[in-house]
Amino acid sequence: MSVVVVHPDARTLAQATAARLLLHLIDAQSLHRPVHAVLTGGTIGIRLLADAATSPLLDAVDWTGVHIWWGDERFLPTGHADRNETQARNALLDGLPLPPENVHAVPAADAPGISSPDDAAAAYAAALAAQAVGTDGGATSDDAGPAVPPFDLVLLGVGPDGHVASLFPGQDAVTVVDRTAVGVHGAPKPPPERVSLTLPAIEAAQEVWLVVAGAEKADAVARALGGAPVTDTPAAGAHGRHRTMWLLDAAAAG
């Protein structure tokens, strides 16, 4: 079952989700360490990170025990303004006492040994697997699921076409099940080259939150909640193991 929460506007949605994110990290840390969270980009995804940066709850999180990942990334050089990592660092991460080794960015287009989105995806999958089988409390990569860390939370945006991360309708990446990260070529929105978690990696998370604002997203939300085929509406396949939350503004819920 999916839980649907509707806020009156995008501003309130971002503020409420920022508070919800910080509370979730605080609660998770009361139960186990480390905590693994997967961030999203996009307008609302970066706005909620900026709101988190000014929240009174910010300092209640022990950031030294948090690991940060991304659901997808644009295959661009390090520091490029359009990279999700760059935007997240500017909005929140660079102001936190996060150990550098706890921030797991998708390899950039100019990283050593990286010449394609497929190279970056393979390197990211290796980083995910290293945390999955590490000695820091990570889950093992056996038959119980894909080789990923024990994600406490995956944040996702949803496009008007129903895409999540960089899994677009009708593209092969949507149906990939034998890898945790995949290179994306020919994406229908710029830049065309990207790296994305696959649906099995996303669905390994304890919770998945889909944060959506805008009337142009309402049809995609309706299709996903209505059980549309994943190949047509990838958001329909994004589910958490224990809970899936749709956090919407009133326009997206229309």
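What counts and what doesn't
- Residues numbered from 1 in each chain as written.
- Predicted model: local features only at pLDDT ≥ 70, side-chain atom pairs only at ≥ 80, totals over all residues.
- Heavy atoms only, no water.
- Pairing = 2+ DSSP bridges.
- Helix = DSSP H or I, 4+ residues; strand = E, 2+ residues; numbered from the N terminus.
- Axes fitted to C-alpha atoms, helices over the stretch in contact; angles between N-to-C directions.
- Contact = heavy atoms within 4.5 Å.
- 1 Å grid on protein atoms, 1.4 Å probe; cavity = no way out; pocket = protein on both sides within 12 Å on 5 of 7 lines; lining within 4 Å.
- Points joined across faces, edges and corners; volume = space filled by probe spheres on them.
- Nonpolar A, V, L, I, M, F, W, Y, C, P; charged D, E, K, R; others polar.
- Buried < 20%, exposed > 50% of the residue type's maximum accessible area, 1.4 Å probe, protein only.
- Phe/Tyr/Trp six-rings, centres within 6.5 Å; stacked < 30°, edge-to-face > 60°.
- Right-handed = clockwise from strand over helix to strand, strands pointing away.

S.K.: What exactly am I supposed to notice about the sheet that holds strand E3 (residues 66–70) here?
M.R.: Adjacent strands of a sheet form backbone hydrogen bonds with each other and so pair up, either parallel or antiparallel. Taking strand neighbours across the sheet as the criterion, the 6 strands line up as E1-E9-E8-E5-E2-E3 in an open arrangement whose pairing is parallel. Two strands lie at the open edges of the sheet, namely strand E1 (2–7) and E3, each paired on one side alone. On average, adjacent strands in this sheet sit at an angle of 20° to one another, irrespective of strand direction. Contacts from helix H1 (residues 10–29) reach E1, strand E2 (35–39), E3, strand E5 (153–156), strand E8 (207–212) and strand E9 (243–249) within the one sheet, and its direction differs from that of E8 by about 165°.

S.K.: Looking at this structure, I do not really get the layout of surface pockets. What am I missing?
M.R.: Summary: where empty space remains is shown by rolling a probe the size of a single water molecule over the atoms. Empty space within the largest pocket amounts to approximately 410 Å³. Lining of the largest pocket is provided by 24 residues; of these, Gly41, Gly42, Thr43, Gly157 and Lys189 occupy positions nearest its centre. Among the elements of the structure, helix H2 (42–53), strand E4 (72–74) and E8 are those that each provide at least two residues to the lining of the largest pocket. When residues of the lining of the largest pocket are assigned to their parent elements, the largest contribution, 4 residues, is made by H2. Classifying every residue of the lining of the largest pocket gives 8 nonpolar, 9 polar and 7 charged.

S.K.: Can you walk me through helix H3 (residues 84–91) in this structure?
M.R.: Residues that lie three or four places apart on an α-helix share one face, since the helix turns once every 3.6 residues. For H3, the set of buried residues is Asn84, Glu85, Thr86, Ala88 and Ala91. Tucked inside the fold, the buried residues of H3 contact E2, H2, E3 and E4.

S.K.: What exactly am I supposed to notice about the packing of aromatic side chains here?
M.R.: The way to describe two aromatic rings as a pair is by their centre distance and the angle between their planes. Across all of its chains, the model carries 2 aromatic pairs by this definition. Aromatic pair Trp69 and Phe151: ring centres 6.3 Å apart, planes at 70°, arrangement edge-to-face. Placement of Trp69 in strand E3 and of Phe151 in the loop between helix H4 (117–132) and E5 is noted, with a sequence separation of 82 residues between them. With relative accessibility at 0%, the residue Trp69 sits in the buried group. Judged by relative accessible area, which is 0%, Phe151 ranks as buried. Aromatic ring contacts, followed pair by pair, group Trp69, Tyr124 and Phe151 into a single cluster.

S.K.: Would you mind showing me how to read the pairing of E9 here?
M.R.: Side-chain positions along a regular strand alternate between the two faces of the sheet. Of all 7 residues that make up E9, 6 are buried, and the element is covered over most of its length. Across 6 bridges, the pairing between E1 and E9 is parallel. The residue of E9 that forms the bridge with Val3 is Met245. A crossover links E8 with its parallel partner E9, the connecting element being helix H6 (residues 218–225), and its sense is right-handed.

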